[in-house]
Amino acid sequence: MLVLAIGDLHIPDRAMELPPKFRKLLAPGKISQILCLGNLTDRETYDFLRSISPDLQIVKGEFDLSLSLPLSKVVTHGSLRIGFTHGHTIVPPGDSDALLIAARQMDVDVFIWGGTHRFEAYELEGKFFINPGSATGALSSGWWAEGEKPVPSFVLMDVQGAVLVLYVYQYIDGEVKVEKVSYRKGG
(Lines give C-alpha, C1' and ligand atoms only; values in the text may rest on other atoms or scores of the structure.)
Protein backbone atom coordinates (compact mmCIF):
# COMPACT_ATOMS: atom_id res chain seq x y z
CA MET A 1 0.00 0.00 0.00
CA LEU A 2 1.37 3.41 -0.97
CA VAL A 3 0.71 6.26 1.47
CA LEU A 4 1.68 9.86 0.74
CA ALA A 5 2.71 12.10 3.66
CA ILE A 6 2.67 15.76 2.70
CA GLY A 7 2.23 19.06 4.48
CA ASP A 8 3.07 22.68 5.11
CA LEU A 9 1.92 23.70 1.64
CA HIS A 10 0.96 27.33 2.50
CA ILE A 11 -0.47 28.05 -0.96
CA PRO A 12 -0.82 30.95 -1.90
CA ASP A 13 0.38 32.69 1.27
CA ARG A 14 4.03 31.58 1.30
CA ALA A 15 4.35 29.67 -1.99
CA MET A 16 2.54 29.95 -5.31
CA GLU A 17 2.22 26.21 -6.08
CA LEU A 18 3.66 22.74 -5.77
CA PRO A 19 6.72 22.34 -7.98
CA PRO A 20 5.34 21.21 -11.38
CA LYS A 21 7.63 18.16 -11.36
CA PHE A 22 6.02 17.10 -8.04
CA ARG A 23 2.52 17.55 -9.50
CA LYS A 24 3.47 15.35 -12.45
CA LEU A 25 4.73 12.58 -10.11
CA LEU A 26 1.59 12.63 -7.98
CA ALA A 27 -0.72 10.93 -10.46
CA PRO A 28 -4.18 9.56 -9.58
CA GLY A 29 -4.60 5.82 -9.17
CA LYS A 30 -1.25 4.97 -7.59
CA ILE A 31 -1.56 6.26 -4.03
CA SER A 32 -4.00 4.55 -1.64
CA GLN A 33 -4.07 7.18 1.12
CA ILE A 34 -2.80 10.69 1.80
CA LEU A 35 -1.79 11.90 5.26
CA CYS A 36 -1.79 15.70 5.12
CA LEU A 37 -0.01 17.33 8.04
CA GLY A 38 -1.83 20.63 7.82
CA ASN A 39 -1.42 24.10 6.39
CA LEU A 40 -3.48 23.08 3.37
CA THR A 41 -4.70 26.64 2.93
CA ASP A 42 -6.41 26.69 -0.47
CA ARG A 43 -9.28 24.79 -2.09
CA GLU A 44 -7.46 24.08 -5.38
CA THR A 45 -4.68 22.15 -3.64
CA TYR A 46 -7.24 20.29 -1.52
CA ASP A 47 -9.06 19.26 -4.73
CA PHE A 48 -5.76 18.23 -6.34
CA LEU A 49 -4.90 15.98 -3.38
CA ARG A 50 -8.41 14.46 -3.43
CA SER A 51 -7.91 13.67 -7.13
CA ILE A 52 -4.76 11.69 -6.24
CA SER A 53 -6.56 9.63 -3.60
CA PRO A 54 -10.09 9.95 -2.24
CA ASP A 55 -8.74 8.74 1.14
CA LEU A 56 -7.37 12.11 2.27
CA GLN A 57 -6.69 12.30 6.02
CA ILE A 58 -5.94 15.82 7.29
CA VAL A 59 -4.83 17.23 10.64
CA LYS A 60 -4.90 20.90 11.58
CA GLY A 61 -1.87 23.10 11.08
CA GLU A 62 -1.58 26.46 12.74
CA PHE A 63 -2.75 28.27 9.57
CA ASP A 64 -5.67 26.03 8.58
CA LEU A 65 -8.98 27.85 8.71
CA SER A 66 -11.19 24.87 9.53
CA LEU A 67 -11.84 24.53 13.24
CA SER A 68 -13.19 21.00 12.84
CA LEU A 69 -9.88 19.38 11.86
CA PRO A 70 -8.32 17.20 14.58
CA LEU A 71 -4.85 17.98 15.92
CA SER A 72 -3.72 14.38 15.41
CA LYS A 73 -4.88 11.07 13.94
CA VAL A 74 -3.86 7.42 13.91
CA VAL A 75 -4.18 5.05 10.95
CA THR A 76 -3.25 1.36 10.76
CA HIS A 77 -1.59 -0.30 7.78
CA GLY A 78 -0.45 -3.90 8.07
CA SER A 79 0.78 -4.28 11.64
CA LEU A 80 1.95 -0.66 11.82
CA ARG A 81 0.11 2.03 13.75
CA ILE A 82 0.95 5.38 12.19
CA GLY A 83 0.27 8.59 14.09
CA PHE A 84 0.47 12.02 12.53
CA THR A 85 0.18 15.64 13.61
CA HIS A 86 1.18 19.01 12.28
CA GLY A 87 3.82 19.57 14.91
CA HIS A 88 2.93 23.02 16.25
CA THR A 89 1.83 21.30 19.48
CA ILE A 90 5.26 19.66 19.93
CA VAL A 91 7.33 21.71 22.37
CA PRO A 92 10.16 22.34 21.78
CA PRO A 93 9.54 22.07 18.03
CA GLY A 94 11.09 18.95 16.49
CA ASP A 95 12.66 17.85 19.79
CA SER A 96 13.28 14.09 19.70
CA ASP A 97 12.29 13.57 23.35
CA ALA A 98 9.04 15.52 22.88
CA LEU A 99 8.31 13.52 19.71
CA LEU A 100 8.98 10.24 21.53
CA ILE A 101 6.55 11.25 24.29
CA ALA A 102 3.88 12.11 21.69
CA ALA A 103 4.45 8.76 19.90
CA ARG A 104 4.10 6.88 23.20
CA GLN A 105 0.93 8.79 24.11
CA MET A 106 -0.59 7.88 20.73
CA ASP A 107 0.72 4.29 21.05
CA VAL A 108 2.15 4.27 17.51
CA ASP A 109 5.05 2.56 15.76
CA VAL A 110 5.52 5.37 13.24
CA PHE A 111 5.13 9.05 14.12
CA ILE A 112 4.88 11.70 11.39
CA TRP A 113 5.00 15.40 12.16
CA GLY A 114 5.36 18.66 10.29
CA GLY A 115 5.80 22.31 11.11
CA THR A 116 9.57 22.61 10.70
CA HIS A 117 9.47 22.56 6.87
CA ARG A 118 12.55 20.30 6.93
CA PHE A 119 12.72 16.60 6.02
CA GLU A 120 13.87 14.20 8.75
CA ALA A 121 13.65 10.44 9.26
CA TYR A 122 15.16 8.43 12.08
CA GLU A 123 14.53 5.54 14.43
CA LEU A 124 14.46 6.03 18.20
CA GLU A 125 13.64 3.41 20.82
CA GLY A 126 12.07 1.11 18.22
CA LYS A 127 9.82 3.81 16.74
CA PHE A 128 10.23 5.47 13.35
CA PHE A 129 9.97 9.27 13.11
CA ILE A 130 9.28 11.08 9.84
CA ASN A 131 8.96 14.74 8.95
CA PRO A 132 8.18 15.07 5.22
CA GLY A 133 9.14 18.76 5.15
CA SER A 134 7.23 21.35 3.13
CA ALA A 135 6.01 20.16 -0.26
CA THR A 136 6.31 23.68 -1.66
CA GLY A 137 9.47 24.72 0.15
CA ALA A 138 7.44 27.44 1.84
CA LEU A 139 9.43 29.69 4.11
CA SER A 140 9.12 29.02 7.80
CA SER A 141 9.25 31.40 10.73
CA GLY A 142 12.51 30.25 12.27
CA TRP A 143 14.58 27.07 12.64
CA TRP A 144 16.89 27.94 9.71
CA ALA A 145 20.59 28.71 9.71
CA GLU A 146 21.57 31.93 8.01
CA GLY A 147 21.65 31.43 4.24
CA GLU A 148 19.87 28.07 4.42
CA LYS A 149 16.74 27.71 2.31
CA PRO A 150 13.90 25.20 2.57
CA VAL A 151 13.99 22.28 0.12
CA PRO A 152 10.57 21.24 -1.20
CA SER A 153 9.92 17.64 -0.16
CA PHE A 154 7.34 14.95 0.51
CA VAL A 155 7.48 11.23 1.29
CA LEU A 156 5.81 8.11 -0.06
CA MET A 157 5.54 5.14 2.28
CA ASP A 158 5.23 1.62 0.91
CA VAL A 159 3.74 -0.35 3.81
CA GLN A 160 3.83 -4.16 3.70
CA GLY A 161 2.99 -5.88 7.00
CA ALA A 162 5.60 -4.79 9.57
CA VAL A 163 7.88 -3.13 6.99
CA LEU A 164 7.75 0.48 5.83
CA VAL A 165 9.90 1.57 2.90
CA LEU A 166 10.14 5.35 2.81
CA TYR A 167 10.81 7.15 -0.46
CA VAL A 168 11.89 10.76 0.08
CA TYR A 169 11.29 13.15 -2.81
CA GLN A 170 13.25 16.41 -2.72
CA TYR A 171 13.28 19.17 -5.33
CA ILE A 172 16.89 20.35 -5.55
CA ASP A 173 18.29 22.64 -8.26
CA GLY A 174 15.32 22.06 -10.56
CA GLU A 175 15.49 18.25 -10.32
CA VAL A 176 13.64 15.67 -8.23
CA LYS A 177 16.00 13.58 -6.09
CA VAL A 178 14.75 10.36 -4.46
CA GLU A 179 16.22 8.57 -1.45
CA LYS A 180 15.08 5.34 0.19
CA VAL A 181 14.95 4.51 3.92
CA SER A 182 13.55 1.32 5.46
CA TYR A 183 11.98 0.56 8.85
CA ARG A 184 10.95 -2.80 10.24
CA LYS A 185 8.79 -2.96 13.36
CA GLY A 186 10.65 -4.90 16.03
CA GLY A 187 13.75 -5.14 13.86
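Notes on the structure follow.

Conventions we followed
Residues numbered from 1 in each chain as written. Predicted model: local features only at pLDDT ≥ 70, side-chain atom pairs only at ≥ 80, totals over all residues. Heavy atoms only, no water. Helix = DSSP H or I, 4+ residues; strand = E, 2+ residues; numbered from the N terminus. Rg over C-alpha atoms; globule rule 2.2 N^0.38 Å. Buried < 20%, exposed > 50% of the residue type's maximum accessible area, 1.4 Å probe, protein only. Areas by Shrake-Rupley, 256 points an atom, 1.4 Å probe, with all protein chains shown as cover. Pairing = 2+ DSSP bridges. Axes fitted to C-alpha atoms, helices over the stretch in contact; angles between N-to-C directions. Contact = heavy atoms within 4.5 Å. Salt bridge = Lys/Arg side-chain N within 4 Å of Asp/Glu carboxyl O. 1 Å grid on protein atoms, 1.4 Å probe; cavity = no way out; pocket = protein on both sides within 12 Å on 5 of 7 lines; lining within 4 Å. Points joined across faces, edges and corners; volume = space filled by probe spheres on them. Nonpolar A, V, L, I, M, F, W, Y, C, P; charged D, E, K, R; others polar.

Per the secondary structure count, the protein chain includes three helices and 11 strands. In terms of overall size, the protein chain behaves like a compact globule, its C-alpha atoms giving a radius of gyration of 15 Å where 187 residues would be expected to give roughly 16 Å. Along the longest, intermediate and shortest principal axes, the C-alpha atoms of the protein chain span 40 × 35 × 35 Å. When burial is assessed residue by residue, the protein chain has 49% of its 187 residues classed as buried. Of the roughly 8800 Å² of accessible surface on the protein chain, 52% is carried by carbon and sulfur atoms.

This brings us to the sheet that holds strand β10 (residues 163-172). Spatially, β3-β2-β1-β9-β10-β11 is the arrangement adopted by the six strands of the open sheet, whose pairing is mixed. Across the chains shown, the open sheet's two edge strands, defined by having one partner strand only, are β3 (56-58) and β11 (175-184). Here the average twist between neighbouring strands, direction ignored, is 20 degrees. Across eight bridges, strand β9 (residues 153-160) lies against β10 in antiparallel orientation. Directly across from M157, in β10, lies its bridge partner L166. The sheet contacts of helix α2 (residues 43-52) involve β1 (2-6), β2 (33-36) and β3, and relative to β3 the element is tilted by about 135 degrees.

For the rest of this paragraph, the subject is the pattern of salt bridges. Counted by the stated rule, this structure contains four salt bridges. The salt bridge partner of E175 is K21, with a shortest N-O separation of 3.4 Å. Note that E175 is positioned in strand β11 and K21 in helix α1 (residues 20-25), a separation of 154 residues in sequence. Across the pair R43 and D47 runs a salt bridge, and its minimum N-O distance is 3.1 Å.

Here the largest pocket defines a volume of roughly 250 Å³. L40, Y46, D64, S66 and L69 are the residues nearest the centre of the largest pocket, which is lined by 14 residues in total. Residue composition of the lining of the largest pocket, grouped by class: six nonpolar, three polar and five charged.

By the element assignment, G133 lies in the loop between β8 (127-132) and β9. C-alpha of G133 to C-alpha of I172: the two residues are 39 residues apart in sequence and 13 Å apart in space. For G133, the contacting residues outside a window of four places in its chain are G7, D8, H117, R118, F119 and S153.

This paragraph deals with the pairing of strand β4 (residues 72-77). Direction of pairing for β4 relative to strand β5 (residues 80-85): antiparallel, over a ladder of six bridges. Across the sheet, the residue bridging to T76 is R81, located in β5. Here β4 hands over to β5 after two residues, with G78 in that stretch at a positive phi of 60 degrees.

Once that is clear, we can look at unusual backbone geometry. Residue P12 is reached from I11 by a cis peptide bond, and omega for that bond is 0 degrees. By the element assignment, P12 lies in the loop between β1 and α1. The peptide bond linking V91 to P92 adopts the cis configuration, its omega dihedral lying at -10 degrees. Tracing the backbone through its elements, the reader meets P92 in the loop between β5 and α3 (96-106). At D8, a residue that is not glycine, the phi angle is positive and equals roughly 50 degrees. Residue position: D8 is located in the loop between β1 and α1.

Moving on, we come to the sheet that holds β8. With respect to topology, five strands assemble into an open sheet ordered β4-β5-β6-β8-β7, the strand pairing being mixed. The two strands at the open ends of the sheet, each matched to only one other strand, are β4 and β7 (119-124). Sheet twist, expressed as the average angle between the axes of neighbouring strands with direction ignored, equals 15 degrees. Strand direction decides the pairing type here: strand β6 (residues 110-113) and β8, joined by three bridges, are parallel. Looking at β8, one finds that I112 is bridged to I130. Relative to β8, α3 is tilted by about 115 degrees, and along the sheet it contacts β4, β5, β6, β7 and β8.

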